[in-house]
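Next come the chains, spelled out residue by residue.
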Amino acid sequence: MPTLVVVGAQWGDEGKGKVTDYLSAEADTVVRYQGGTNAGHTVIAGGREYRLHLVPSGIVHGKVCVLGNGVVLDPAAFLQEMDELAAQGCDVGRVVVSDNAHLILAYHKALDRSEETGRGEARIGTTLRGVGPAYRDKAARIGVRAGDLRYPDLLRRRLDGAVAAANQALGQTEFHSAALADELLALAPRLLPLLRDTAELVNQAIDRGDKVLFEGAQGTHLDIDHGTYPFVTSSHPTAGGACIGSGVGPTRIDRVVGVAKAYTTRVGDGPFPSEELGPEGDLLRERGGEYGTTTGRPRRCGWCDVPVLRHAALVNGLGGLCVTKLDTLSGLSRVRIVVAYEHEGRRLTGFPHDVDLLAQVRPVYEEVPGWSDDLSGAQRFEDLPATARAYLDRVAELVGVPVVMVGVGAERGQTLPRESMF
Ligand code: GDP
């Protein structure tokens, strides 16, 4: 199967970076299709740690890396990340960017900060990187695209309109379009050589029979349509986003897999039914090192939440689950699984789309025996203790999707595939 979409099945931070890096060994092209510098993926390979925000995780293997039209690009942050990756020995010579990717500019970050502050208690928990305002300008048709850098006059005209709107929203004349245009045009010599019609490039790769991996950022429940709105991101991390965000038709996608931690985490605000606010949550956070890559914020933690994963299976068409961080659960005498939600004594069937209802549901737990073995040295799925395998089988049964890969440590090699993914 030559095309594969990897999506986060929870609220992001599932370990997609590691899974994508692992699968990239087999891929020819890796495509990032949405989000911006709000994403943070960590890849650990050969004892080195690579922190990625925009560049697809396939970079560590030196593959063709595409930032598709669905991505929003902070030009200075992107070039800095490219420099850091090059300094770490990565071959960044095959990174390309869509002409149609929208740019995140200084006023988007200022708007993000001022809007989030203005929300007070009702804050969304954004990463303040300007991602939401950049997508909003895109939808309002006042955005600036990477390809506009080719035409300085057009760029200046576009910036005049966008900056006027931003200054009005900010309530002050903070930004000057001419100065912003000069700053951007100073970066053009480095950016222009990377720009391509990436929809054509990716479709040609598929035509050739190349293996193409689409890498989602964030997670299903942060999708602007399918997530816990309004506590969501402004794009489509779900599998459908791979088509829109790269210009590839749905008939060309062969397989979709979801990455899920063996438990659940969430950064930022919003309902989280399986959240453990007591010592069990602290235990998961400390053992799992659950602090954000981009922001350092402590992640909220809870047990594996089956309704969340079933919803991810539904809206993404998942054919397999990659369960990461199983090693974090080692040493527990029992492991809990949220098998359903209850509200006012009634068991709910689907996943509630109303965040107020979702905040009120009570989780229904099932307990399974834990395992004390250190899993970090396991080489194959069969090396896992019987109770750990039984846990994974139970999760797969409840979600209705097979577990096709398991993570037992942060290193690239600590990955146990059960079948070939492509
Ligand atoms: P992403 O945004 O989905 O790529 O996830 P992050 O990179 O933010 O968070 C995942 C963290 O877990 C990173 O620090 C990874 O190195 C680490 N990680 C990924 N898979 C595993 C695993 O199976 N076991 C352990 N212990 N850590 C893992």
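Residues numbered from 1 in each chain as written. Predicted model: local features only at pLDDT ≥ 70, side-chain atom pairs only at ≥ 80, totals over all residues. Heavy atoms only, no water.

**Structural notes on the pairing of strand 3 (residues 41-45)**
Alright, step 1. Residue alternation in strand 3 divides its side chains into a buried set, His41, Val43 and Ala45, and an unburied set, Thr42 and Ile44.
Alright, step 2. Between strand 3 and strand 4 (residues 48-52), which pair antiparallel in sequence order, lie two residues; one of them, Gly46, sits at a positive phi of approximately 55 degrees. (Buried < 20%, exposed > 50% of the residue type's maximum accessible area, 1.4 Å probe, protein only. Helix = DSSP H or I, 4+ residues; strand = E, 2+ residues; numbered from the N terminus. Pairing = 2+ DSSP bridges.)

**A short note on the site of the ligand**
Alright, step 1. Taken together, 19 residues lie around the ligand, and Gly15, Lys16, Gly17, His41 and Asp327 are the ones closest in.
Alright, step 2. Take Glu14: an N or O atom from its main chain is 3.0 Å from an oxygen atom of the ligand.
Alright, step 3. Taking His41, its side chain carries an N or O atom lying 2.7 Å from an oxygen atom of the ligand.
Alright, step 4. For the ligand, the accessible surface in isolation is 580 Å², of which the surrounding protein chains cover 90%.
Alright, step 5. By residue class, the composition of the shell around the ligand is three nonpolar, nine polar and seven charged.
Alright, step 6. Looking at the shell around the ligand, you find at least three residues from each of domain 1 (3-97 + 195-255) and domain 3 (260-417). (Near = heavy atom within 4 Å. Polar contact = N/O pair within 3.5 Å; in protein donor to acceptor, adjacent residues only side chain to side chain. Areas by Shrake-Rupley, 256 points an atom, 1.4 Å probe, with all protein chains shown as cover. Nonpolar A, V, L, I, M, F, W, Y, C, P; charged D, E, K, R; others polar. Domains from an automatic or database assignment.)

**Overview of the environment of Gly370**
Alright, step 1. Considering the arrangement of structural elements, one finds Gly370 in the loop between strand 18 (362-369) and helix 12 (386-399).
Alright, step 2. Distance in space between the C-alpha atoms of Gly370 and Asp13 is 24 Å, their sequence separation being 357 residues.
Alright, step 3. Among all residues touching Gly370, those that are not within four sequence positions of it are Leu332, Ser333, Arg334, Val335 and Thr387. (Contact = heavy atoms within 4.5 Å.)

**Some thoughts on the nonpolar core**
Alright, step 1. Ranked by size, the top nonpolar core spans 59 residues in total, and within it Phe214, Leu326, Leu329, Leu384 and Tyr391 carry the most contacts.
Alright, step 2. In terms of residue count, helix 12 provides more of this core than any other element does, seven residues in total.
Alright, step 3. Built from parts of two domains, this core gets at least three residues from each of domain 1 (3-97 + 195-255) and domain 3 (260-417).
Alright, step 4. With residues near it in sequence (within four places) discarded, Leu384 still touches Leu326, Leu375, Ala378, Arg389, Leu392, Val406, Val408 and Leu416. (Core = buried A, V, L, I, M, F, W, Y, C linked by side-chain atoms within 4.5 Å.)

**Details of the packing of helix 3 (residues 106-119) against helix 5 (residues 152-170)**
Alright, step 1. Packing of helix 3 against helix 5 leaves a shortest axis separation of 10 Å and a crossing angle of 20 degrees. Put simply, helix 3 runs roughly parallel to helix 5. In this structure, helix 3 crosses over helix 5, and the sense of that crossing is left-handed. Where helix 3 approaches helix 5, its residues Tyr107, Ala110, Leu111 and Ser114 are matched on the opposing element by Leu159, Ala162, Val163, Ala166, Ala169 and Leu170.
Alright, step 2. For the contact of helix 3 with helix 5, the class distribution of residues is nine nonpolar, one polar and no charged. (Axes fitted to C-alpha atoms, helices over the stretch in contact; angles between N-to-C directions. Parallel < 35°, antiparallel > 145°, perpendicular 65-115°, else oblique. Left-handed = near helix turned anticlockwise from the far one by under 90°.)

**Quick look at the side chain of Asp137**
Alright, step 1. Here Asp137 lies in helix 4 (residues 131-139).
Alright, step 2. Among buried Asp, Glu, Lys and Arg side chains, Asp137 stands out as unpaired, with Arg136 the closest opposite charge at 5.0 Å.
Alright, step 3. Setting aside chain neighbours within four positions, we find Asp137 in contact with Tyr107, His108, Ile142 and Gly143. (Lys, Arg positive; Asp, Glu negative; His and termini not counted. Salt bridge = Lys/Arg side-chain N within 4 Å of Asp/Glu carboxyl O.)

**Examining the domain arrangement of the chain**
Alright, step 1. What the domain assignment reports for the chain is domain 1 (3-97 + 195-255), domain 2 (102-191) and domain 3 (260-417).
Alright, step 2. Computed over C-alpha atoms, the centres of domain 1 and domain 2 are 23 Å apart.
Alright, step 3. In this assembly, 22 residues from domain 1 lie in contact with 20 residues from domain 2.
Alright, step 4. Interface area for domain 1 against domain 2, summed over the two sides, is near 1,900 Å², with a carbon-plus-sulfur share of 62%.
Alright, step 5. Together, Val72, Leu79 and Leu195 form the three largest contributors to the area buried by domain 1 at its contact with domain 2, with a combined 33%.
Alright, step 6. Viewed at the interface, domain 2 and domain 1 are joined by two salt bridges.
Alright, step 7. As a salt-bridge pair, Arg190 and Asp83 come within 2.9 Å of each other at their nearest N and O atoms.
Alright, step 8. The tally of links between domain 1 and domain 2 comes to six residue pairs in polar contact (both at pLDDT 80 or more).
Alright, step 9. Among the elements of the structure, strand 6 (72-73) and helix 2 (75-87) are those that each provide at least two residues to the side of domain 1 that touches domain 2.
Alright, step 10. Looking at the side of domain 1 that touches domain 2, the element that brings in the most residues is helix 2, giving five residues.
Alright, step 11. Looking at side-chain class alone, the side of domain 1 that touches domain 2 contains 11 nonpolar, nine polar and two charged residues. (Buried area = accessible area lost by both parts, 1.4 Å probe.)

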